[in-house]
Amino acid sequence: MDVLTLNGITKRYRAITALNNVSFVIPKGSVFGILGPNGSGKTTLLGIVTDVLRATSGSYQFYDGSKPIDEIRKDMGVLLETPNFYPYLSARENLEIVAKIKRCDFSQIDVALKKVNLYERRFYWFKTFSLGMKQRLAIASTILSNPEIVILDEPTNGLDPEGISEIRQLIKQLAGEGKTIILASHLLDEVEKVCTHVAILKRGQLLAVGDVEGALSQKSAPASESTSAQKIKAMIEVGADNLEQLAEILKNMPEVINTEIAGGVVTVYHYQGELTAKQVNKYCFENGVVVDRLSVKNKNLESKFLEITK
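How each quantity is defined
Residues numbered from 1 in each chain as written. Predicted model: local features only at pLDDT ≥ 70, side-chain atom pairs only at ≥ 80, totals over all residues. Heavy atoms only, no water. Buried < 20%, exposed > 50% of the residue type's maximum accessible area, 1.4 Å probe, protein only. Helix = DSSP H or I, 4+ residues; strand = E, 2+ residues; numbered from the N terminus. Pairing = 2+ DSSP bridges. Axes fitted to C-alpha atoms, helices over the stretch in contact; angles between N-to-C directions. Contact = heavy atoms within 4.5 Å. Parallel < 35°, antiparallel > 145°, perpendicular 65-115°, else oblique. Left-handed = near helix turned anticlockwise from the far one by under 90°. Nonpolar A, V, L, I, M, F, W, Y, C, P; charged D, E, K, R; others polar. Arc of directions from axis to C-beta. Polar contact = N/O pair within 3.5 Å; in protein donor to acceptor, adjacent residues only side chain to side chain.

What is the right way to look at the pairing of strand β6 (residues 149–153) in this model?
The side chains of a regular strand alternate, first on one face of the sheet and then on the other. Of all five residues in β6, five are buried, a share of seventy percent or more. Neither face of β6 is open: one carries I149, I151 and D153, the other V150 and L152, and all of them are buried. Pairing geometry for β6 and strand β7 (residues 180–185), over five bridges, is parallel. Residue I151 lies in a different strand from β7, and its bridge partner there is I182.

What follows is the structure, given as structure tokens:
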């Protein structure tokens, strides 16, 4: 089942198009990352699906569209920006205020604090918390009603490595409970570690969508561009006694874009899906070179993302 379906969402601010005909679906139980540089439309998109903003055109629906939107809103936890907690109130006292606003039972406060690992600090003033602890308390405020859908905008922004790790583990924990997590972020390395699916935006355009690896293998350039420009580069490292000879031989392999000698190996650049290590090994052997090292180098999400959006 799909939790959210977007159909041609467009948002314009006079001469500026923040989103342009964006369509995709978010599967139930996924950790869905909406990725893109600043100004790509991530926050605008989250604002639309949380009813903070109105789309210029297009539509969206939760589940099959049969459930009243007011009921769905009650079943969502949303953090679009860090709440303004009271500095001289404790974590629990701040959540009591949130619970009153959301009409949640106070019994859920300790449950939420335990989930975000702040139960032992529940009586500490908010002003004494680290940035990571403040963000965890903010997430606790979004899950007081035990929502099925949790929407987070830049949840690790501004945190140190320890704080980022804490939030990452919390997102994994919530996903493990069967919740659907929708998060916007530009911290690609962290998203790679928690997301199951991803949509990549640039200047309001949807460039790719799908599971993390699949989305980054999609063709993203306009159809008018050459086939090679639409593909993702990949690398294979190859070693042999004579690297210069090896590089010359591999340059003549049809699938090879170019080669580079560095670090005691020849790096072979090719388009993803067009060349395998087995093919490289066979080609070298047939041309009189015995390979003593062969390693497929997978690009991480960040390098692929930069290649898609450049």
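Where do I start with unusual backbone geometry in this structure?
The phi torsion of most residues other than glycine is negative, and most of the peptide bonds are trans. One non-glycine residue, R14, lies in the positive phi region at around 55 degrees. Tracing the backbone through its elements, the reader meets R14 in the loop between β1 (2–13) and β2 (16–27). Backbone geometry at E154 places phi at a positive 50 degrees, although glycine is not the residue there. Its location among the elements puts E154 in the loop between β6 and α6 (161–176).

Got a minute to help me understand the sheet that holds strand β8 (residues 197–202) in this structure?
Within a sheet, adjacent strands bond to each other through the backbone by hydrogen bonds, running parallel or antiparallel. One open sheet accounts for six strands, arranged β5-β6-β7-β3-β8-β9; its pairing is mixed. Both edges of this open sheet fall to β5 (76–79) and β9 (205–211), since each of them pairs with a single strand only. The mean inter-strand angle of the sheet, taken between neighbouring strand axes irrespective of direction, is 10 degrees. Bridge analysis of β8 against β9 gives six bridges, and the strand direction is antiparallel. Each bridged residue has a counterpart across the sheet, and for K202 the counterpart in β9 is Q205. Across the sheet, helix α5 (residues 131–142) is in contact with β5 and β6; its angle to β5 comes to roughly 150 degrees. Relative to the sheet, α6 contacts β3 (31–35), β6 and β7, its axis offset from that of β7 by approximately 150 degrees.

Teacher, can you tell me more about the packing of α5 against α6 here?
What describes two packed helices is the angle between their axes and the distance between those same axes. At a minimum axis distance of 9 Å, the contact between α5 and α6 shows a crossing angle of 20 degrees. Viewed along their axes, α5 and α6 adopt a mutual orientation that is roughly parallel. Handedness of the crossing formed by α5 with α6: right-handed. In contact with G132, M133, Q135, R136 and I139 of α5, α6 contributes G163, E166, I167, L170 and L174. Within the contact of α5 with α6, the residues separate by chemical class into five nonpolar, three polar and two charged.

Please clarify how helix α9 (residues 243–251) should be interpreted in this entry.
Because each turn of an α-helix spans 3.6 residues, side chains separated by three or four positions end up pointing in the same direction. For α9, the full list of buried residues reads L243, L246, A247, I249 and L250. The arc that holds every buried residue of α9, seen down its axis, measures 165 degrees, which confines them to one face. Of the residues flanking the start of α9, the one acting as N-cap is N242, its side-chain oxygen 3.3 Å from the backbone nitrogen of E244.

I keep staring at the packing of helix α3 (residues 91–102) against α5 and nothing clicks. Help me out?
Relative to each other, α3 and α5 sit at 30 degrees, their axes nearing to 10 Å. Judged on the interaxial angle alone, α5 and α3 are roughly parallel. By crossing handedness, the relation of α3 to α5 is classed as right-handed. On the side of α3, the interface is formed by A91, L95, V98 and K102, while α5 contributes L137, A140, S141 and T142.

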